[in-house]
Every structure is written in C-alpha cells, then in structure tokens.
Amino acid sequence: DLTQLLDRFLAIEEKFVGRANEDEAKRELVKSAPSPDVATETLFAHAKLPRRARVINALIKTVPQLQTKLGGTSDNEFSSALELQLERLAALETAGPEYA
C-alpha cells in the first residue's frame, strides 16, 4: 500500500539526508548494513533518487482521491500512518531540493 511505499522510500533516503559528506554516509551504510546485499540494494536505490522522488510525488498527488474513497475520515489507521509518512517527507524536503 501507499504507506509501505513511502516507508521504504524514507528508510533509504533518511540515511543520506542532511549529511554534509555523502561518501561518508555511504561508507557508514556499508559498515552498518546487515549484509553486503542490503548495502548494495540501498546504494542502488539512492542512486535513482530523482526518478524515485518523481514517483513518490505522483503518489502523494493521489492522496485526496484515496481519502475520498476511504470516506474522508482522519481518524482511521491509514490516515494516521499516512500523516506520519508525510511529516517525514516534509522533513526531507527541507533538507534539499533533490527531495522536493
């Protein structure tokens, strides 16, 4: 679902956002990853940030239609999870234009 996609995007990009030195962030990621495959997957995903950010932005534009289909209630589980994800995305946008 949408919140899972946003969570995956955020889990990757929050490792890099706000870092003065991206190479250092990459080295730390490789050291801390549970396996080389996980580190490689994360680095490849981050390398495709512009394309992934466009997809996320397109998905976010569908939120009003999703809320309408869900009855527009703000107290359901989906809305609560989505609100948290959108707050995390907003924090990324303030860190740099590549996330906007």
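Residues numbered from 1 in each chain as written. Predicted model: local features only at pLDDT ≥ 70, side-chain atom pairs only at ≥ 80, totals over all residues. Heavy atoms only, no water.

When you look at the packing of helix H2 (residues 22-32) against helix H3 (residues 36-47) in this model, what are you seeing that I'm missing?
Any two packed helices are characterised by the angle at which their axes cross and by the distance between the axes. Following both chains from N to C, one finds H2 and H3 inclined at 155°, their axes separated by 9 Å at the closest point. On the basis of their axis angle, the class for H2 and H3 is roughly antiparallel. At the point where H2 passes H3, the crossing takes the right-handed sense. Residue-level inspection shows Glu 22, Lys 26, Leu 29 and Val 30 of H2 in contact with H3, the latter providing Ala 39, Thr 42, Leu 43 and His 46. Of the residues in the contact of H2 with H3, the class split is four nonpolar, two polar and two charged. (Axes fitted to C-alpha atoms, helices over the stretch in contact; angles between N-to-C directions. Helix = DSSP H or I, 4+ residues; strand = E, 2+ residues; numbered from the N terminus. Parallel < 35°, antiparallel > 145°, perpendicular 65-115°, else oblique. Left-handed = near helix turned anticlockwise from the far one by under 90°. Contact = heavy atoms within 4.5 Å. Nonpolar A, V, L, I, M, F, W, Y, C, P; charged D, E, K, R; others polar.)

Honestly, the pattern of salt bridges in this entry has me stumped. Any pointers?
Opposite charge on two side chains permits pairing when their charged atoms draw close. Here the structure, examined in full by the defined rule, presents five salt bridges. Here Arg 52 ties to Glu 13 by a salt bridge, and the two come within 2.6 Å at their closest N and O atoms. Here Arg 52, found in helix H4 (residues 49-60), pairs with Glu 13, found in helix H1 (residues 2-13); they are 39 residues apart in sequence, far enough to count as distant. Taken individually, Arg 52 and Glu 13 each receive the classification buried, so the pair is uniform in this respect. When the shortest N-O distance is used, the salt bridge between Arg 88 and Glu 14 registers 2.7 Å. Residue Arg 88 is located in helix H6 (residues 77-95), and its partner Glu 14 is located in the loop between H1 and H2; the two are separated by 74 residues in the primary sequence. For Glu 14, a relative accessible area of 34% corresponds to the partly exposed category. Residues joined by salt bridges that share partners form a network here, namely Asp 7, Glu 14 and Arg 88. (Salt bridge = Lys/Arg side-chain N within 4 Å of Asp/Glu carboxyl O. Buried < 20%, exposed > 50% of the residue type's maximum accessible area, 1.4 Å probe, protein only.)

Looking at this structure, I do not really get the nonpolar core. What am I missing?
Nonpolar side chains in soluble globular proteins tend to be buried together. Counting residues in hydrophobic clusters, the biggest one holds 11 residues: Leu 2, Leu 6, Phe 9, Leu 10, Leu 49, Ala 53, Ile 56, Val 63, Leu 82, Leu 89 and Leu 92. Elements with a minimum of two residues in this core: H1, H4 and H6. Broken down by element, this core gets its largest block of residues, four residues, from H1. Beyond its immediate chain neighbours, meaning those up to four positions away, Leu 89 contacts Leu 6, Phe 9, Leu 10, Ile 56 and Ile 60. Listed in part, the five residues of the second largest apolar core include Phe 16, Ala 25, Leu 29 and Ala 45. (Core = buried A, V, L, I, M, F, W, Y, C linked by side-chain atoms within 4.5 Å.)

Mind showing me how you'd approach H4 here?
Along an α-helix, a turn takes 3.6 residues, which lines up residues three or four apart on a common side. Between its first and last C-alpha atoms H4 spans 16 Å; for 12 residues at 1.5 Å apiece the expected length is 16 Å, and the two agree. Listed as buried for H4 are Leu 49, Arg 52, Ala 53 and Ile 56. The arc enclosing the buried residues of H4, seen along the axis, measures out at 100°, which places them on a common side. Facing away from the buried surface of H4 by more than 90 degrees, the exposed residues are Arg 51 and Arg 54. (Expected span 1.5 Å × (residues − 1). Arc of directions from axis to C-beta.)

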